[in-house]
Amino acid sequence: MSRFHKLGEREVWRGSVVWAGVGRHVAPDGTEFERDVVHHPGAVSVVPVLDGGGAVLLVRQYRSAVDRDLLEIPAGKRDVDGEAPDVTAGRELEEEVGMRAGRLEKLAEFYNSPGFCDERSHVFMGLDLAPCDTSFQGVEERHMTIERVSMADIPALISSGAIVDAKTIIGLCLARQALTGGLSPLPSK
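I will try to describe carefully the structure that is included in this document.

Regarding the overall build of the protein chain
Part 1 of the argument: From N to C terminus, the protein chain includes 4 helices and 10 strands.
Part 2 of the argument: The N-to-C order of helical and strand elements in the protein chain reads β-β-β-β-β-β-β-α-β-β-α-β-α-α.
Part 3 of the argument: Put simply, the protein chain shows about 10,400 Å² of open surface, and 51% of that area lies on carbon and sulfur atoms.
Part 4 of the argument: Averaging the locations of the 21 positively and 29 negatively charged side chains of the protein chain gives two centres separated by 3 Å.

Shown next, in the form of structure tokens:
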């Protein structure tokens, strides 16, 4: 059976984090077509777990693409060449919420919006947290707030629309499941 495959791509725009191209592809029946593609270095996120699973730390941060503050788990870009996802996750946790994880357990990897973007995300659960210094990296981080949220409140926050960020919903749901024994963390690669 034939498969779809990429013939090539031309760059049409480059920014400081992402770049966009137009890819040429061929379908199983030989039809050639073009698709816009956004390339992203990837991301990590961490569910910082407190009180033996009874609470988490979230950040409320302005997101320019949607022009509003969102309640999220700490996250960041994989913008250091060669840095392993768990190392990036630990660094982001420290920078954003001032906590160092004694253990990071991988919960999932996923593509955020594979219909147009190749961003691959890694989500971890941060356990055995200890306070450390923060190191805010951007203007949004300097103005964000850190909020302690009860794990019992998570389903209502998601269903009410108070939490609408995909990585946060994925991370919180998987962390709740892992903490209640319903999900085994993934092995780190």
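Now that the structure has been shown, we can carry on.
Quick notes on the nonpolar core
Part 1 of the argument: Judged by nonpolar contacts, the single largest core of 20 residues is most densely connected at Val47, Val56, Leu58, Leu107, Met125 and Leu172.
Part 2 of the argument: Counting only elements with at least two residues in this core, the list comes to strand E4 (43-50), strand E5 (55-63), strand E8 (99-111), strand E9 (120-131) and helix H4 (166-179).
Part 3 of the argument: Looking at this core element by element, the count peaks at 4 residues for H4.
Part 4 of the argument: Here Leu58 is in contact with Leu71, Glu72, Ile73, Thr145, Ile146, Glu147, Val149, Ile163 and Leu172, once residues within four sequence places are set aside.
Part 5 of the argument: Grouped together as the second largest cluster of nonpolar side chains are 13 residues, Leu50, Leu57, Val97 and Met144 included.

Considering the packing of aromatic side chains
Part 1 of the argument: With the rule as written, the count across this model stands at 1 aromatic pair.
Part 2 of the argument: Between Phe4 and Phe33 the ring centres are 6.0 Å apart and the planes differ by 85°, which places this aromatic pair in the edge-to-face class. Here Phe33 lies in strand E3 (residues 32-39) and Phe4 lies in the segment before strand E1 (5-14), a separation of 29 residues in the sequence.

Details of the environment of Val47
Part 1 of the argument: Relative to the helices and strands, Val47 is located in strand E4.
Part 2 of the argument: Taking the C-alpha atoms as reference points, Val47 and Ala75, separated by 28 residues in sequence, lie 9.2 Å from one another.
Part 3 of the argument: Setting aside its immediate chain neighbours within four residues, Val47 contacts Val56, Ile73, Phe124, Met125, Gly126, Gly171, Leu172 and Ala175.

Remarks on unusual backbone geometry
Part 1 of the argument: Phi is positive for Asp51, which is not a glycine, with a value near 55°.
Part 2 of the argument: A positive phi is found at Asp128, a non-glycine position, where the angle reads about 55°.
Part 3 of the argument: Within the secondary structure, Asp128 is located in strand E9.

The rules we used
- Residues numbered from 1 in each chain as written.
- Predicted model: local features only at pLDDT ≥ 70, side-chain atom pairs only at ≥ 80, totals over all residues.
- Heavy atoms only, no water.
- Helix = DSSP H or I, 4+ residues; strand = E, 2+ residues; numbered from the N terminus.
- Areas by Shrake-Rupley, 256 points an atom, 1.4 Å probe, with all protein chains shown as cover.
- Lys, Arg positive; Asp, Glu negative; His and termini not counted.
- Charge placed at Lys NZ, Arg CZ, Asp CG, Glu CD.
- Core = buried A, V, L, I, M, F, W, Y, C linked by side-chain atoms within 4.5 Å.
- Buried < 20%, exposed > 50% of the residue type's maximum accessible area, 1.4 Å probe, protein only.
- Contact = heavy atoms within 4.5 Å.
- Phe/Tyr/Trp six-rings, centres within 6.5 Å; stacked < 30°, edge-to-face > 60°.

Don't take any of this as a statement about function, it's just geometry.
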